[in-house]
Structure formats: structure tokens, C-alpha cells
2 protein chains.
Amino acid sequence: MNTVTRPGLRERKKQRTRDALLQAALELFTTQGYEHTTVDEITEAVDVSQRTFFRYFAGKEDAAFAVQDIAHTRFAAAVRERPVDETPLEALRNAVLKDWDTIAEAVEQVVPIELYLRMCRLTESTPALLAAHLRRSDEVGEEVARVIAEREGLDVDTDPRPRVAVAVFAGVIRVMERRWGLSEDLGATETRALTVRYLDAVGPVLTEKWHADRGAADTPVNARGPQNT
Amino acid sequence: MNTVTRPGLRERKKQRTRDALLQAALELFTTQGYEHTTVDEITEAVDVSQRTFFRYFAGKEDAAFAVQDIAHTRFAAAVRERPVDETPLEALRNAVLKDWDTIAEAVEQVVPIELYLRMCRLTESTPALLAAHLRRSDEVGEEVARVIAEREGLDVDTDPRPRVAVAVFAGVIRVMERRWGLSEDLGATETRALTVRYLDAVGPVLTEKWHADRGAADTPVNARGPQNT
DNA sequence: TGTCAAATGTCAGTGGCTGTCATTAATCTC
DNA sequence: GAGATTAATGACAGCCACTGACATTTGACA
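In what follows, the accompanying structure is described. Every chain is numbered independently, its residues counted from 1 as its sequence is written. Naming scheme: in the order in which they are written, chains are lettered from A and ligands are numbered from 1. Local features in a predicted model are, by the rule used here, given only for residues with pLDDT of at least 70; side-chain atom pairs are given and counted only at 80 or more, and totals for whole chains, interfaces and linings are based on all residues. With hydrogens and water stripped out, all remaining heavy atoms of the structure feed into the side-chain values.

This next bit is on the protein's contact with DNA strand C. Throughout this document, a residue counts as near a molecule or strand when at least one of its heavy atoms sits within 4 Å of that molecule or strand. Near DNA strand C you find 23 residues, and of these K13 and R51 of chain A together with K14, T52 and R55 of chain B are the closest. The sugar-phosphate backbone supplies 53% of the atoms of DNA strand C found within 4 Å of the protein. Within the side chain of R55 of chain B, a nitrogen or oxygen atom sits 2.7 Å from a base oxygen of DNA strand C. The set of elements that each furnish at least two residues to the surface near DNA strand C consists of α1 (9-32) and α3 (50-56) of chain A together with α1 (9-32) and α3 (50-56) of chain B. N or O atoms closer than or at 3.5 Å make up a polar contact, with two conditions inside protein: a donor-capable atom paired with an acceptor-capable one, and, for residues adjacent in sequence, both atoms drawn from side chains. Only DSSP runs of H or I with at least four residues qualify as helices, and only runs of E with at least two residues qualify as strands; both kinds are numbered from the N terminus onward.

Put into C-alpha cells, the structure is as follows:
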């Protein structure tokens, strides 16, 4: 009885159970800790059988990263869409920055962003989750490296440059992640600014002398005072 | 009755059990696969109770990385021993290269290197192991970043440069790992040469144009023919 | 040789995860 | 709209990693 063919009742129910499971899982993970949350607790909160949980998620871990996967997928897509006249690192950099603006609403359609952010912080402090996260990031890196290689018309298996470029970029992002995960007060704008700054710092880090000068240090950015989230 | 006080019978027995467990574990992992090997199989092979295994290793994973841990520890130590007049990246680079020469014998004292190498390859193709490996590498990176920061007299928590430098370095090493893990025939000498080449390629990758030129490609190295392992 | 402590074995239990099969509920067909 | 079809779910049984508690063995040492 609606203009566009809305998915049937069955499909809608499925979506609701999945959403409910995901939300309950993240809520429990972030309040009690990942390890201390059993799958039974999650399913009891949603009132489904344990078996049902494993029909929607490959495991606890899979639920924990369901939202992060959205971000990863979007990033890979964003890289693909960059104009070919950009250098690889420009493309990567612009891809994150551009995506950063729209990622929030995409996430919000599944779970509250605030919950997602709490989950990110938890990942940093839970060994099992951190391990899983790094592996997933590594996978994204591999995917992106292939995209870069194609852009540049190179064979990713013989020319190391695409993978090296992505590895360098991923390294910087990882430094950001850690930095962000540890500081309570780091809004989107500041994070964005720091990312740019860190990326720009890579060149000098490799070539110039460090020692006394504080060319890429944090303080100038933070000293500008709080910005909105 | 010996000149140097050799550890008592008790200590020697412990060492033997641990060695036996480790060897059996790696042997089974590399032949049947990590996931398809149960702890019971390992303990049966050594003829101890399952409980004993968990007294020596925190879990299956811990056994899988017992040897790799040696390499990690040695690398961190090697970085610490680099003269302070080297730039951070020089120090990191020289640390790997120097350590590479002596790591073989250190490993051999615990298990056959050939077994260790097989285990490395398995890590690359087993998601659970790859995740664990990346997390452990990340930990080493953090440790090394602190060492670098101290060398340069910087605060690792406010100045991003130590972590960025280590991240870049770690990224290149990771590219090497994957490259090595996938090719059957890549001896120590070739790996060493490739590492140097990749590290040298980081600068150009960031600044220069890529496209047609194959400045850092593999083929020249491989074309030099096989070298010893 | 007897005492102490460390190493090991035994056993019971928890939690993640899977296969199987019966049951329920949405969709399709006539 | 009643019945056939098919997908989602529930209910179990079972495997495996891992842990705690307690009993047993076995070097160490006086």
C-alpha cells in the first residue's frame, strides 16, 4: 500500500532483530566490558535464543565491528572515487577527510554515534578487540592498495609502492586512533586537524633533524582551545 | 658436580616439558593448521595433561608466538643499542638489519628455524593468528616509539614524531612480511635487500611521481638470480 | 629419611560456537 | 481465504578453549 515496494514483513522483522542485537551487544560491551559480556546476556536482553545471535553475526567479535565495517567500506569507496590526477597520498588523505563529514549520519542510521565512539575507545583497551581491529584494518589496506595500484596502472604484486604508500598512510591513521582513543576531549574538528598535521609531518620526520624543534607537536593545536564535536 | 651451577633436575624437567610442548604445538599447527589442532592433541603428543599446557602457555595463541616473541624482544633491544647519533629511521633500519644476522641461531636454540619459518607463513594465512601477530607488532611498535622518543629527548605523548616514524617503519616491515610470506623462494639475503630497497623507497613514494617509471620495483632484485638462505 | 614446596594430574564448570532437527510464522499458490 | 512452501527461529546436544579447586606426585633440602 505504499509507492515504493517496501521490503516485506519478514524482511523488516529480520532487520529489527539484527538492529536490536547489535545495539544490545554494543551497549553491554561498552558498559560491562567485552570479555565480561556473554552472548547469552545479549540474547536475553533482546529475548531471542542464543542460536539466533550466531545466525546474524559470525561471533561476538563480528557484532563488535559491525559499525566499524560501515566506516571501512565507505573509506574504500571514497578512495575509489578520488580523481586520478591526485597523487596516491593526496587521494588517501582527501578520502578520509571527505568521508569524515558524512560518516556520522551513516552510522547514526544503525546505532547512536555516541555508542559507536564508546565502542572505538573500548577497542583500544581490549586486546582481543584491538587484534581484530588491526587485522580488519590490514584487510582494508590491502584492498585500498589494489585500488591505488590500478589508478596508477601498476601491478600490486611486483611494484611495492602502492602497498608502501598505503602502509605509511595506515600507520599515521593508527597513531591518530591511539591518540584519539586515549584523550577524553578530542572533537571531530580537532581530530581532523591533527590528522592533516600528522600526515604533513611524515615527510619531515623522514628527512629533517628532530631534536629540539617541535615542528609537528600537538600543543599548538590543543592550545587553540576546545572546538565542537 | 659441575663447574657452573647447572639448574637442578626440577628446572631442567620444566624446560624440557616446555620445549616439547612448543615443538609439538608448532609441528601440529604447521601440518594440520592452527584451528584444526586441539590442545588435547598437543598434550597427547607430549603425554602430559591438558592442564599442564595451560600452565606453560596462556593459550594456543601464546604457544604459536613463543618464538616470534624472541625476535620481537631482540629487535627492541637492538634499537636500544643503536648509537644516538643515528637518526631514528637509521637506527630502526640498522637494528633490523643487524639483528637479522644473529636471529637464526637464537631461534635454533628453541626450535628448528625451518619450523619457525613455516609458522610465520601459517600466520599470514590464518586470520586469528594474523590478528594476534598485528597486535603484538603494534605493542612492539609502542615500546620502540618510547625508546626513540627517549633517544631524541621528546615526550612520546605530546610529540607525534616518534610514533609516526615507527608507524612508517612498521608499515614497510609489514609489506615485507606479506611479500615474503607469499613467495616460496625468498632467501634471507634477498629479503634483506628488499627491505633496504623498500625503506629507501618511502621518500620517493611520498614526493615523486610514480606512473610509468619502476624505480622501486622488485624485478631488478629478483632478476639477480637465487641466493642462499 | 622425613618435611616442604613445586609441578602435575583430575575433575568440574563456563563460555563461544556449530550441527541438527523440530516448530513457528511469513509468503506464495490456487 | 485455506493450504502448500519456504524462511526464521528455538531447543538441544556436543566440541573446544580455558579456569578454578583440590588431590597427588616428585624434586629439594635439612
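Counting residues at the interface gives 45 residues for chain B and 44 residues for chain A. Buried area: the sum, over both parts, of the accessible surface (1.4 Å probe) that disappears when the two are put together. Both faces combined, the contact of chain B with chain A buries some 4,000 Å², and carbon together with sulfur accounts for 69% of it. When the buried surface of chain B facing chain A is broken down by residue, R161, L206 and W210 of chain B rank first, second and third, together holding 19% of it. We define a salt bridge as a contact between a side-chain nitrogen of Lys or Arg and a carboxyl oxygen of Asp or Glu at a distance within 4 Å. Here chain B and chain A share six salt bridges between them. For the salt bridge of E142 of chain B with R178 of chain A, the shortest nitrogen-to-oxygen distance reads 3.5 Å. If you look at where chain B meets chain A, you find four residue pairs in polar contact (both at pLDDT 80 or more). Elements that contribute at least two residues to the side of chain B that touches chain A include exactly α6 (88-108), α8 (127-152), α9 (161-182) and α10 (188-207) of chain B. Looking at the side of chain B that touches chain A, the element that brings in the most residues is α9 of chain B, giving 13 residues. Residues are sorted three ways: Asp, Glu, Lys and Arg are charged, Ala, Val, Leu, Ile, Met, Phe, Trp, Tyr, Cys and Pro are nonpolar, and all the rest, Gly among them, are polar. Each residue belonging to the side of chain B that touches chain A can be placed in one class, and the counts come to 24 nonpolar, six polar and 15 charged. The contact rule is simple, with two residues in contact once any of their heavy atoms fall within 4.5 Å.

Turning our eyes to something else, we now look at the pattern of salt bridges. All names here are of chain A. One pass over the structure, following the stated rule, counts 42 salt bridges over all chains. The partner of D99 in a salt bridge is R74, and the shortest N-O contact between them spans 3.4 Å. With a gap of 25 residues between them, D99 in helix α6 (residues 88-108) and R74 in helix α5 (residues 66-80) connect regions that are remote in the sequence. Taking the shortest distance from any N to any O, the salt bridge between R93 and D200 comes out at 2.7 Å. Residue R93 is found in helix α6, and its partner D200 is found in helix α10 (residues 188-207); the two are separated by 107 residues along the sequence. Each residue's exposure class comes from its accessible area (1.4 Å probe, protein chains only) as a fraction of the maximum for that residue type: buried when under 20%, exposed when over 50%, partly exposed otherwise. For R93, a relative accessible area of 25% gives the class partly exposed. On the basis of relative accessible area, D200 is assigned to the partly exposed category, the value being 43%.

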